[in-house]
Amino acid sequence: MSTLDVVDFIQQNRALADQVETFRDYCENEKHWEARREFILRNINDFNEEQRDLLLSLSMVWANNVFMGCRYSKELLEKVQEMAEGIVVENAPIFKTRDEIMKKQQVCS
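In what follows, the accompanying structure is described. Small disclaimer: the values here were computed from a predicted structure and weren't measured.

Throughout the structure, instances matching the rule amount to five salt bridges. Taking the shortest distance from any N to any O, the salt bridge between Arg-24 and Glu-30 comes out at 3.2 Å. You can call Arg-24 partly exposed: its relative accessible area is 29%. Put simply, Arg-52 and Glu-49 hold a salt bridge, and the shortest N to O gap is 3.6 Å. Classification of Glu-49 by relative accessible area gives exposed; the value is 51%.

A word on the packing of helix H3 (residues 30–43) against helix H4 (residues 52–68). Their axes nearest at 10 Å, the elements H3 and H4 cross at an angle of 140°. One finds that H3 runs oblique with respect to H4. Along this stretch, H3 crosses H4, giving a crossing that reads as right-handed. Along the contact surface, H3 presents Lys-31, His-32, Ala-35, Arg-36, Phe-39, Ile-40 and Asn-43, while H4 presents Leu-55, Leu-56, Leu-58, Ser-59, Met-60, Trp-62, Ala-63 and Phe-67. In terms of residue class, the contact of H3 with H4 is built from 10 nonpolar, three polar and two charged.

For Arg-36, the location among the structural elements is in helix H3. Given a relative accessible area of 2%, Arg-36 falls into the buried group. In this structure the side chain of Arg-36 is engaged in a polar contact, spanning 2.7 Å, whose partner is the backbone oxygen of Phe-23. Setting aside residues up to four positions removed in sequence, Arg-36 forms contacts with Phe-23, Arg-24, Asp-25, Glu-28, Leu-56, Ser-59, Met-60, Trp-62 and Ala-63.

Enumeration according to the criterion identifies one aromatic pair in this entry. Considering the side-chain rings of Phe-39 and Trp-62, the 5.4 Å spacing of their centres and the 20° angle between planes classify their relative orientation as stacked. Of this pair, Phe-39 sits in helix H3 while Trp-62 sits in helix H4; the two residues are 23 residues apart in sequence, bridging distant segments of the chain. We classify Trp-62 as buried; its relative accessible area is 5%.

Thresholds, definitions, all that
Residues numbered from 1 in each chain as written. Predicted model: local features only at pLDDT ≥ 70, side-chain atom pairs only at ≥ 80, totals over all residues. Heavy atoms only, no water. Salt bridge = Lys/Arg side-chain N within 4 Å of Asp/Glu carboxyl O. Buried < 20%, exposed > 50% of the residue type's maximum accessible area, 1.4 Å probe, protein only. Axes fitted to C-alpha atoms, helices over the stretch in contact; angles between N-to-C directions. Helix = DSSP H or I, 4+ residues; strand = E, 2+ residues; numbered from the N terminus. Parallel < 35°, antiparallel > 145°, perpendicular 65-115°, else oblique. Left-handed = near helix turned anticlockwise from the far one by under 90°. Contact = heavy atoms within 4.5 Å. Nonpolar A, V, L, I, M, F, W, Y, C, P; charged D, E, K, R; others polar. Polar contact = N/O pair within 3.5 Å; in protein donor to acceptor, adjacent residues only side chain to side chain. Phe/Tyr/Trp six-rings, centres within 6.5 Å; stacked < 30°, edge-to-face > 60°.

Take a look at the structure:
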């Protein structure tokens, strides 16, 4: 779903879009929210009302991984990456693991 697709979807599904807006965390900046909202909108039809908290949790896992470099189990990351397939986050930060940093320092020494 491109940004234009998200805008079209929101216009055509105003009630759902209004509901999704209530899921925004008060500390999320616009860039983070736009990406997480797209994640939610792409996957909301795959989760029934009772599973909504699971979807929101998965969206936070994905956003935390993309924007803050948080690490999770391989299985969980594979699941959220699959759910987020096609979402483009411009200027996403790039994180290095401790092992990558240490390896670079050893090469420079």
